[in-house]
Amino acid sequence: MAAHLSSGRVNLTALREAGRRELREFLDKCAGSKAIVWDEYLTGPFGLIAQYSLLKEHEVEKMFTLKAGRLPPADVKNIIFFVRPRLELMDIIAENVLSEDRVRSPLRDFHILFVPRRSLLCEQRLKDQGVLGSFIHREQYSLDLIPFDGDLLSMESESAFKECYLENDQTSLYQAAKGLMTLQALYGTIPQIFGKGDCARHVANMMIRMKREFPGGQNSIFPIFDTLLLLDRNVDLLSPLATQLTYEGLIDEIYGIQNTYVKLPPEKFAPKKQGEGGKDLPTEPKKLQLNSAEELYAEIRDKNFNAVGSVLSKKAKIISAAFEERHHAKTVGEIKQFVSQLPHMQAARSSLANHTSIAELIKDITTSEDFFDNLTVEQEFMSGIDTDKVNNYTEDCIAQKHPLIKILRLVCLQSVCNSGLKQKVLDHYKREILQTYGYEHILTLNNLEKAGLLKLQTSSRNNYPTIRKTMRLWMDDVNEQNPNDISYVYSGYAPLSVRLAQLLARPGWRSIEEVLKMLPGPHFEERQQLPTGLQKKRQQGENRVTLVFFLGGVTYAEIAALRFLSQMEDGGTEYVIATTKLINGTNWIKSLMEKLEPPPF
Amino acid sequence: MAWNLKEDLRDCLVAAAPYGGPIALLKNNFRKEKSPGSRPLLEIYSASGVPLASVLWKSGQVVELGWTASEDLLCIQEDGTVLIYNLFCEFKRHFSMGNEVLQNHVREAKVFHTEYGTGVAILTGAHRFSLTTNIDDLKLRRMPEVPGLQKLPSCWAVLSQDRVTIILLAVGQDLYLLDNTSCSVVTPPGISPHAGAYVQMAVSFNYRYLALFTDTGSIWMGTSSLKEKLGEFNCDFRAPPRQMVWCTRPRSKQRAVVVAWDRRLLVAGNSKECIQFVLDEDSYLVPELDGVRIFSCTTHEFLHEIPEASEEIFKIASMAPGALLLEAQREYEKQSQKADEYLREIKDQNLLAEAVRQCIEAAGYEHEPETQKSLLRAASFGKCFLDKFPPESFVWMCRDLRVLNAIRDYQIGVPLTFAQYKQLTIEVLLDRLVLRRLYPLAIKICEYLRLSEFQGVSRILAHWACYKVQQKDKSDEEVAHAINQKLGDTPGISYSEIAARAYDCGRTELAIKLLEYEPRSGEQVPLLLKMKKSQLALNKAIESGDTDLVYTVVLHVKNELNRGTFFMTLQKQPVALSLYRQFCKHQELETLKDLYNQDDDHQELGNFHVHSSYSSEKRIEGRVAALQNAVDEYYKAKNEFAAKATEDQIKLLRMQRRLQDELDKPYIDYSLHDTVYNLILDGHHKRAEQLYRDFRIPDKRFWWLKISALAEREDWEEMEKFSKSKKSPIGYLPFVEICMKHHNRHEAKKYAARVTPEQRVKAHILVRELDQAADAAIEHKNENEMNLVLSKCTAATDSSVVEKINRAKAQTLKK
């Protein structure tokens, strides 16, 4: 069930197991039958830790979504609220509890489980509402880093970037530090910490502090990670803005992957069985889980989309050849062997069918003229062409009222690639946007400026070309089929964040000292002392393991680039990736937009 | 005894704690005249009579003294108030046994111990009983009335059976049992009808046995459930004894009662015989788990049943294996061959292991180190001749005895027996040493027994530190430094707990200094808040990075300070300020405005007003007013762009309202683009033009916008007119595209002819004129274009075009 988590260099099943154990312990504390009332946002992440069957084993009989008013009836002994520590949710819970008492005898016990952290603020709120005493157990479930795949952890903290860079609210950084402490408790103290950016510095400081808070608990686990690299998202604002061109990246760009699941238009997935041609097409979106447990997906997810087709057709040949085998199977033994392979082959065939359908869906979009035009402009910006004047394509898109987020991505991309825009250009874009999409977006534009995505070129100097050249961010001779450099993930642009990781491993950051100074925030190195018994003696040819933590989000393309580095034969480093949230340009920009609606509370 | 008592014990109120506990004396308590010079004096001594503390009694009349399980002294006053003092006569707290007592007075009281803790039972002047089973969790229980009770009972006792506390009382010849709800008359089984009136009763240490003494000198012994009689003894003394206590040993079959009169002590048990002692002085009996402590002005003795092992070994002419082994060892030391003979005798009976065990066990019962040593030496000697005798019992006995000898030293004065020590556990013993402030000894014991730091040394150091902070004669620096010197980073030490104690003693500065050593901010903050050091608390909370903690402090400070000071405080803490802003954004919008105002943050104020024009204002006037505020703020912030844009927005809103009124269609909250688009869609071209000019919409965008709207309206005529109004700033390809989008190939073709030569191929392809597209491409001699055309061709219908292009390509190649 969790095979995909143990496939990597670091066995992340242990982390999931720890999470499941904690959950079971809590559930068992509330003896008797239970109903869980869910903060809706949590169901997705929880699904990656424990399925319904686990809850069921522990007498969870009903599940509800948290909403105002009265709780639905349920003949259970315990009502447990699973919630994020947010004031508005506390008010709903209070309402639930208060309206409960009026209608029935108080037979049900209430409990509350805060995810990921118990909050004094929230408990005070419950107290003010007069319901704090109604809860028998009030505990926290430290679901900080959730294992998504064998080499991928995410906090799935929706608005981490916005909170850190816009609102100066470092709650998610505290959570990140806590998560790293948990990770170290399971996988050993990480001896080396590198970082770039203000948030990275803050997280490292908190980790060191937290370690000091528990002087007695000297960790005696042999360290699995050699290095931790903390990266601020605002060190590299460019990568998420560009359109990802890996298979997985494109699925995310087009359909959005949530908690490893994607919902796809159903038409392409209609069962193609003869005799049922007249049957209605399914109307429910097709929901698929995407992770490395699926062999084929693991192979193609990180490839440039242009290289996916050939793999799929090769696979198709192999599979049909395998099915042909049955005609050659003559003896009973041969037939038996064939039959024993059938389930695996059938799974492979259905997996192939699914991905062929997805690839077709994506291809319809990537071959469209608009996709091509958009990509051309992006690539021009990234390679430094005409970044300092108003772009025609962008203008035309505004005139035709293309989706606002697309426009914002383009304008921000241009701004980042030009170290800010000239006053005239910036104002022109802003005016165009306000006139076309509405003046209310003035606040969104303001947010983008605060986050540094959109800015005025202050000095006459544009640093981006220097950074691009020194760090080889633009590669003209990109090989999409058999890549030799990470730039294949954007068909030319090598993500800055991953380049930083690559250069750190070899030859070290000292070589790019000058460029590092141009990027925002401090860069630093910390060492955590290990007892002599735990110091590593590296075997010949054994790879180092580096944990790269993206504070503020990471894209699938960047993940693909890091995986590519892990697989390089002479790379010498394997990467595990952690992040506050898996993002793409669209949902990232969306999180920064100001929604002008009456606030919900 | 080390004390120097001038008074007779009988003139004092006496209480001695079990488990070798301290002795409290209240002198002059019984004098009727209360002249200032003869105030009662409360003195506390160790079991060896070393004075621990004394205090002049200034409170009310004391009825009874007693010790709690944690060695606090309870002083029960006539008015029902119970005052609690520690070992050093320092007042801790008080509680009351109920209001009813104020009138009727407490006449008698008893302190008792059960699994619930330490309890107190009182008997009032109205002959009613009240009790609480746990003074730390005070729940008073008023016991039911005893019918017809006119005078105080002659004697009474508290019993605990199956976790229920009950009272047994005797009135003359009648016995009553009082439980929570009822009062019942009981008769002990097998008691002689002529036994007479009960004058004294005693309950054993474990509440299992009961002894009754009648005025005929008869002693009845039985179980406290009154279901079984264990024995009876008739003595010649009829006077009511001063004290009667049980003297048994756990798991022993022998049961005996010790009865004391002024000068006589009698031990009665199952047998017809009894043992009598003469008492030279006033004595006081303290029941213990395994015997009775008897102390007087000069001595302190322990009376107990001789344990079997000791008896076996030391009985005259004993041939028990232990005795023989002891003898063998003595001979061995004398280098006599008799040693071998004794040893052989034991070994022949295969009893050597038994002998070693006996010696080890007996050593535990001895108080004299010399005797302990000789027994242990014998055991050690015997062990040499045994294979595989597990060494633990010997090793542990040596360790335990060393600890016991150390605490029995008269300067320490805790005369525990081995059985009591085991019952008490080492942890509790350490606590008691700590209570007596014997920190060095406690630490030595921890180290000697190799207890984990967490449960041993750290705990004691923490207690020491808590005591240290009470030393008022030392400066804060000195104390803080001394504590840190000693405690350092010892795991399990909670500096915040020590600081809390310092604060309780009124030493706030010291508490702050101590908190500096606390590595866990979560622990620092609540205490700092309690001490009203909110500024410091805020610093610590921010340092921790725990935003929840910061919020907690901020909201606490908010209630504590007036608004101005609160804002000033936040000003100095950007992290706290931004968090509070977030809080306000969701909870207190008005405060958010005040915050921005204080900072003169005009940009944010502008944003704030824009926000409220959407979220809190419904009427147009209100929205315009809010936006006007925003404009003003944006100007102050020198953000000309935002100010102008917002002015435009106001202009647009007003315009939209006019349009809405005049055209009776909703326009409000459309963007400028959508407004113009909708106007064109509805054919209001003039008005659209007006907006285009008023808002200086760039030509290019206006053209795009207009042709899109016209195409949607399918107003091809107007479009053509428009296309000819002047030279298109966006060229004519968009016309082609838009016509095709609305499936009008005929119109599209018109514009395809007008596009610039560079776009011609594309235009022809769009209108599906591949032949012309090919011509244009060939004319351009552009291979890319040719390929593009080729890619659009299908073999069936466009073979001529394909041929044409291929020919052209071939020609280009030749050149």
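Residues numbered from 1 in each chain as written. Chains lettered and ligands numbered in written order. Predicted model: local features only at pLDDT ≥ 70, side-chain atom pairs only at ≥ 80, totals over all residues. Heavy atoms only, no water.

Q: I'm lost on the UniProt feature "coiled-coil region" (unreviewed entry) in chain B in this one. Help?
A: As recorded in UniProt, the sites labelled "coiled-coil region" (unreviewed entry) are residues 325-352 of chain B. With 75% helix and 0% strand, residues 325-352 of chain B has its two end C-alpha atoms placed 8 Å apart. (UniProt positions renumbered as here; feature names shortened; annotations may be inferred. Helix = DSSP H or I, 4+ residues; strand = E, 2+ residues; numbered from the N terminus.)

Q: How should I be thinking about helix α20 (residues 589-599) of chain B in this particular structure?
A: Residue pairs spaced three or four apart in an α-helix point in one direction, given the helix's 3.6 residues per turn. All names here are of chain B. Along α20, the positions that sit buried rather than exposed are Thr591, Leu592, Leu595 and Tyr596. Seen along its axis, α20 keeps its buried residues to an arc of 140 degrees; they face one direction. Looking at the buried side of α20, the elements it contacts are α18 (563-571), α19 (574-587) and α21 (602-615). (Buried < 20%, exposed > 50% of the residue type's maximum accessible area, 1.4 Å probe, protein only. Arc of directions from axis to C-beta. Contact = heavy atoms within 4.5 Å.)

Q: Can you help me understand the pairing of strand β3 (residues 41-45) of chain B in this one?
A: Moving residue by residue along a regular strand, the side chains alternate between the two faces of the sheet. All names here are of chain B. Here β3 lies mainly inside the structure; four of its five residues are buried. In this sheet, β3 lies alongside strand β2 (residues 23-27) in antiparallel orientation, the contact comprising five bridges. Across the sheet, isoleucine 23 pairs through a bridge with tyrosine 45, a residue of β3. With five bridges joining them, β3 and strand β4 (residues 51-56) adopt antiparallel strand pairing. Considered in β4, the bridge of glutamate 43 is made with serine 54. Following β3, the chain reverses through five residues before pairing antiparallel with β4; glycine 49 in that reversal takes a positive phi of roughly 85 degrees. (Pairing = 2+ DSSP bridges.)

Q: Would you explain the interface of chain B and chain A in this entry?
A: How big an interface is tends to be expressed through the accessible area that disappears when the partners come together. Taken residue by residue, the interface counts 52 residues in chain B and 48 residues in chain A. When the buried surface of chain B facing chain A is broken down by residue, Phe641(B), Arg701(B) and Trp704(B) rank first, second and third, together holding 15% of it. For the pair chain B and chain A, the interface holds six salt bridges. Glu432(A) is the salt-bridge partner of Arg701(B), the closest N and O atoms lying 2.8 Å from each other. Counting across the interface, chain B meets chain A through 25 residue pairs in polar contact (both at pLDDT 80 or more). Counting only elements with at least two residues in the side of chain B that touches chain A, the list comes to α15 (521-530), α16 (534-544), α17 (547-560), α19, α21, α23 (640-663), α24 (672-681) and α26 (699-713) of chain B. (Buried area = accessible area lost by both parts, 1.4 Å probe. Salt bridge = Lys/Arg side-chain N within 4 Å of Asp/Glu carboxyl O. Polar contact = N/O pair within 3.5 Å; in protein donor to acceptor, adjacent residues only side chain to side chain.)

Q: Sorry, what's going on with unusual backbone geometry here?
A: In terms of backbone geometry, most residues other than glycine have negative phi values and most peptide bonds are trans. Residue Pro116(A) follows Val115(A) across a cis peptide bond; omega there is 0 degrees. Backbone torsion omega between Arg506(A) and Pro507(A) reads 0 degrees, so that peptide bond is classified as cis. Its place among the elements puts Pro507(A) in the loop between α20 (496-505) and α21 (513-518). Here the phi dihedral of Asp162(B) falls at roughly 50 degrees; this positive angle occurs in a residue that is not glycine. Here Asp162(B) shows up in the loop between β13 (155-161) and β14 (164-171).

Q: Help me understand the pattern of salt bridges, please; the structure alone is not making it clear to me.
A: Side chains that differ in sign of charge can pair as their charged atoms come close. Residues and elements named next belong to chain A. Enumeration over the complete set of coordinates arrives at 83 salt bridges over all chains. Notably, a salt bridge pairs aspartate 370 with lysine 406, separated by 2.7 Å at the nearest N-O pair. Taken together, the residues span a long stretch of sequence, with aspartate 370 in helix α14 (residues 369-382) and lysine 406 in helix α16 (residues 404-417) at a distance of 36 residues. Residue classification places aspartate 370 among the partly exposed residues on the basis of a relative accessible area of 33%.

Q: Mind showing me how you'd approach the packing of aromatic side chains here?
A: Any two aromatic rings considered together are summarised by their centre-to-centre distance and by the angle between their planes. By the definition in use, this model includes 42 aromatic pairs over all chains. Note on Phe46(A) and Phe82(A): the rings are 5.4 Å apart at their centroids and 50 degrees apart in plane angle, and the pair reads as tilted. Of this pair, Phe46(A) sits in helix α2 (residues 40-49) while Phe82(A) sits in strand β3 (residues 78-83), placing them 36 residues apart in sequence. Take Phe46(A) and Phe82(A): they sit in the same class, and that class is buried. Through a chain of ring-to-ring contacts, the aromatic side chains of Tyr692(B), Phe702(B), Trp703(B), Phe722(B), Tyr732(B), Phe735(B) and Tyr751(B) assemble into a single cluster. The lysine or arginine in question, Arg349(A), covers the ring of Phe323(A), its NZ or CZ lying 4.2 Å from the ring centre. Geometry around Tyr614(B) places Arg623(B) over its ring, the cationic atom sitting 5.1 Å from the centre. (Phe/Tyr/Trp six-rings, centres within 6.5 Å; stacked < 30°, edge-to-face > 60°. Lys NZ or Arg CZ within 6 Å of the ring centre and 35° of its normal.)

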